[in-house]
Amino acid sequence: MPKIAIIGTGIISDFHVQGWKNIPGIEIHTVVDLNEDLAKEKADKWGVKNFETDYKKVLDNPEIIICDICLPHFLHAKVTIDALNAGKNVLCEKPIALTIEEALEVKDAEE
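Residues numbered from 1 in each chain as written. Predicted model: local features only at pLDDT ≥ 70, side-chain atom pairs only at ≥ 80, totals over all residues. Heavy atoms only, no water.

Draft legend 1. Molecular detail of the pattern of salt bridges. Under the counting rule described, the total for this entry stands at seven salt bridges. Notably, a salt bridge pairs Lys40 with Asp44, separated by 2.9 Å at the nearest N-O pair. Pair noted here: Lys40 and Asp44 are both in helix H2 (residues 36-46), with a separation of four residues, about one helical turn. For Asp44, a relative accessible area of 51% corresponds to the exposed category. Between Lys57 and Glu52 there is a salt bridge whose closest N-O contact spans 3.9 Å. Look at the salt bridges and you will find they share partners, linking Asp14, Lys42 and Lys45 into a network. (Salt bridge = Lys/Arg side-chain N within 4 Å of Asp/Glu carboxyl O. Helix = DSSP H or I, 4+ residues; strand = E, 2+ residues; numbered from the N terminus. Buried < 20%, exposed > 50% of the residue type's maximum accessible area, 1.4 Å probe, protein only.)

This is how it looks when you write it as structure tokens:
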């Protein structure tokens, strides 16, 4: 069963989780947010057992194959590149980056 990490618990994350829960055979494994209380609150709300405050712990977890990045725009490129370099599949909505240079770095990491 593919396991997913939701990285970031802003407003958009509720919609992403709703979408993932409509896909049979998908498990949301971990919720990540710098704010531990918020990460736990969202994990409880969504029925997810695990939560973290450091997204890099998710990248080190071989069980997690997809990272759904629900962070503020200025963090999209950095976390996407880190996840791709860790061998994860990534869902990151627009904007993928704030500059052309960052977007090219994301493209390079994907390739």
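Draft legend 2. Seen up close, unusual backbone geometry. Along the chain, Lys94 connects to Pro95 via a cis peptide bond; the corresponding omega equals -5 degrees. Examined against the element boundaries, Pro95 turns out to sit in the loop between strand S5 (89-92) and helix H5 (100-110).

Draft legend 3. Structural context of a nonpolar patch on the surface. There is a patch of nonpolar side chains on the surface, built from Ile11, Ile12 and Phe15 and spanning about 340 Å² of accessible area. You can see Ile11 is positioned in helix H1 (residues 11-21). (Patch = residues over 30% accessible without salt bridge, like charges linked within 9 Å, V, L, I, M, F, W, Y side chains within 5 Å. Areas by Shrake-Rupley, 256 points an atom, 1.4 Å probe, with all protein chains shown as cover.)

Draft legend 4. Summary view of H2. Inspection of H2 places Ala39, Lys42, Ala43 and Trp46 among the buried residues, and these make up the whole buried set. Considered in projection along H2, the buried side chains sweep an arc of 105 degrees and stay on one side of the axis. When the buried face of H2 is taken as reference, the exposed residues oriented beyond 90 degrees from it are Asp37, Asp44 and Lys45. Its side-chain oxygen 3.0 Å from the backbone nitrogen of Asp37, Asn35 forms the N-cap of H2. Positioned one or two residues after H2, Gly47 has a phi angle of 75 degrees, which is positive. (Arc of directions from axis to C-beta. Polar contact = N/O pair within 3.5 Å; in protein donor to acceptor, adjacent residues only side chain to side chain.)

Draft legend 5. Spatial organisation of the sheet that holds strand S1 (residues 3-7). One open sheet holds the five strands; their spatial order is S3-S2-S1-S4-S5, and the pairing between them is parallel. The sheet is open, and its two borders are formed by strand S3 (50-52) and S5, each paired with just one other strand. On average, adjacent strands in this sheet sit at an angle of 25 degrees to one another, irrespective of strand direction. When S1 meets strand S2 (residues 27-32), the two strands line up parallel, connected through five bridges. (Pairing = 2+ DSSP bridges. Axes fitted to C-alpha atoms, helices over the stretch in contact; angles between N-to-C directions.)

Draft legend 6. Spotlight on the pairing of S2. The element S2 is largely enclosed, with a buried count of five among its six residues. A crossover connection joins S1 to the parallel S2 through H1; in handedness this β-α-β unit is right-handed. As judged from the three bridges shared by S2 and S3, these two strands associate in the parallel manner. Across the sheet, residue Val32 finds its bridge partner in S3, namely Glu52. In the classification by handedness, the crossover that spans S2, the intervening H2 and the parallel S3 is right-handed. (Right-handed = clockwise from strand over helix to strand, strands pointing away.)

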